[in-house]
Amino acid sequence: KAGVTQTPRYLIKTRGQQVTLSCSPISGHRSVSWYQQTPGQGLQFLFEYFSETQRNKGNFPGRFSGRQFSNSRSEMNVSTLELGDSALYLCASSWDGAQATNEKLFFGSGTQLSVL
Amino acid sequence: QQPVQSPQAVILREGEDAVINCSSSKALYSVHWYRQKHGEAPVFLMILLKGGEQKGHEKISASFNEKKQQSSLYLTASQLSYSGTYFCGTEAGANNLFFGTGTRLTVIP
């Protein structure tokens with residue numbers, strides 16, 4: 001069974017640009033969560049999608065958005081990039097998300113975004 | 001809602017033990033533990049549900065005290081392969097998981 005796939009692996013952008021990251025969950029998984037990882041802040045929750053609907057959202061500005069398609073693949077978009085957006089963006093999938101309380105997350109290797 | 005982990009970093013020699021703590025200001029439904037090796041994705045270790053149960057994974061075990069809203073991860077007889085950053089994730093009933101800032105564990109020969 002293929003794992004969680006994130007593309008691209010690395011991305012370099014300049015301030016003001018926008019970026020779209022992609023995540024393909026494990027086959028059969030319906031929940032996709034996105035996290036921002038930085039050295040000082042650890043894993044910060046961005047949002048979670050389930051069956052094409054955003055079910056939960058973290059405390060990030062509206063420049064961060066996402067969507068999920070009918071095949072459960074998810075994209076995350078960041079508009080008007082700022083230097084502070086430089087981070088590793090991880091997505092994680094599970095069958096039903098944390099709602100099941102005993103669901104473990106399967107993480108992708110992430111997209112390393114550098115904003116210059 | 002982000003849980004607090006301590007210590008932030010720890011260095012061990014092979015065979016030594018370590019404890020990583022995770023605490024939350026909110027009532028918890030469950031606590032998750034993950035380990036991330038450098039340059040790799042976080043990998044699931046275990047989930048603890050309400051009930052104060054203790055679970056184990058090889059020589060790594062954990063406890064969950066929901067009254068104190070705390071969890072501890074115990075690493076006994078550490079091996080070089082235990083090196084990495086350990087994250088606890090807490091679920092406070094909002095159907096999402098908030099992770100702590102991580103504890104960097106380094107095991108040296």
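Further up the page is the structure itself.
To keep things clear, this report deals only with the structure shown in the data block. Predicted model only: the values in this text are computed from it and were never measured.

1. A short note on the packing of aromatic side chains
1) Next: Across all of its chains, the model carries 10 aromatic pairs over all chains by this definition.
2) Next: Note on A:Phe107 and B:Tyr34: the rings are 5.6 Å apart at their centroids and 85° apart in plane angle, and the pair reads as edge-to-face. Of the two residues, A:Phe107 sits in strand S10 (residues 106-107) while B:Tyr34 sits in strand S4 (residues 30-36), which places them in two different chains. The two residues A:Phe107 and B:Tyr34 agree in class, both being buried.
3) Next: Here A:Phe107 and B:Phe99 contribute two aromatic rings whose centre-to-centre distance is 6.1 Å and whose plane-to-plane angle is 65°, an arrangement assigned as edge-to-face. Taken together, the residues A:Phe107 in strand S10 and B:Phe99 in strand S10 (residues 98-99) connect one chain to another.
4) Next: Looking at B:Phe99, the relative accessible area reads 1%, which means it is buried.
5) Next: In textbook terms, an aromatic cluster arises when at least three aromatic residues are bridged by ring pairs, as seen for A:Tyr35, A:Phe45, A:Phe107, B:Tyr34, B:Phe44, B:Phe98 and B:Phe99.

2. Quick look at the interface of chain B and chain A
Interface size, as often reported, equals the accessible area lost upon joining of the parts.
1) Next: Across the boundary between the two partners, chain B contributes 21 residues, which contact 23 residues of chain A.
2) Next: Both faces considered, chain B and chain A share a buried interface measuring about 1,800 Å² in area, 58% of it formed by carbon and sulfur atoms.
3) Next: Counting across the chain B and chain A interface gives zero salt bridges.
4) Next: Between the two partners, chain B and chain A, sit five residue pairs in polar contact (both at pLDDT 80 or more).
5) Next: Listed by contribution, the elements that provide at least two residues to the side of chain B that touches chain A are S4, strand S5 (43-49), strand S9 (84-91) and S10 of chain B.
6) Next: No other element matches the four residues that S4(B) contributes to the side of chain B that touches chain A.
7) Next: For the side of chain B that touches chain A, the residue count by class is 11 nonpolar, nine polar and one charged.

3. A look at the state of the cysteines
1) Next: In total, this model carries two disulfides over all chains according to the counting rule given.
2) Next: Through a disulfide, A:Cys23 is tied to A:Cys91; the S-S separation comes to 1.9 Å. Torsion about the S-S bond of the A:Cys23 and A:Cys91 cystine: about 70°, corresponding to right-handed handedness. Of this pair, A:Cys23 sits in strand S3 (residues 19-24) while A:Cys91 sits in strand S9 (residues 87-94), and the two are 68 residues apart along the sequence.
3) Next: Classification of A:Cys23 as buried rests on a relative accessible area of 0%.
4) Next: One disulfide bridge connects B:Cys22 with B:Cys88, the sulfur atoms lying 2.0 Å from each other. The S-S bond linking B:Cys22 to B:Cys88 shows a torsion near 75°; that makes this disulfide right-handed.

What counts as what
- Residues numbered from 1 in each chain as written.
- Chains lettered and ligands numbered in written order.
- Predicted model: local features only at pLDDT ≥ 70, side-chain atom pairs only at ≥ 80, totals over all residues.
- Heavy atoms only, no water.
- Phe/Tyr/Trp six-rings, centres within 6.5 Å; stacked < 30°, edge-to-face > 60°.
- Helix = DSSP H or I, 4+ residues; strand = E, 2+ residues; numbered from the N terminus.
- Buried < 20%, exposed > 50% of the residue type's maximum accessible area, 1.4 Å probe, protein only.
- Contact = heavy atoms within 4.5 Å.
- Buried area = accessible area lost by both parts, 1.4 Å probe.
- Salt bridge = Lys/Arg side-chain N within 4 Å of Asp/Glu carboxyl O.
- Polar contact = N/O pair within 3.5 Å; in protein donor to acceptor, adjacent residues only side chain to side chain.
- Nonpolar A, V, L, I, M, F, W, Y, C, P; charged D, E, K, R; others polar.
- Disulfide = S-S within 2.5 Å.

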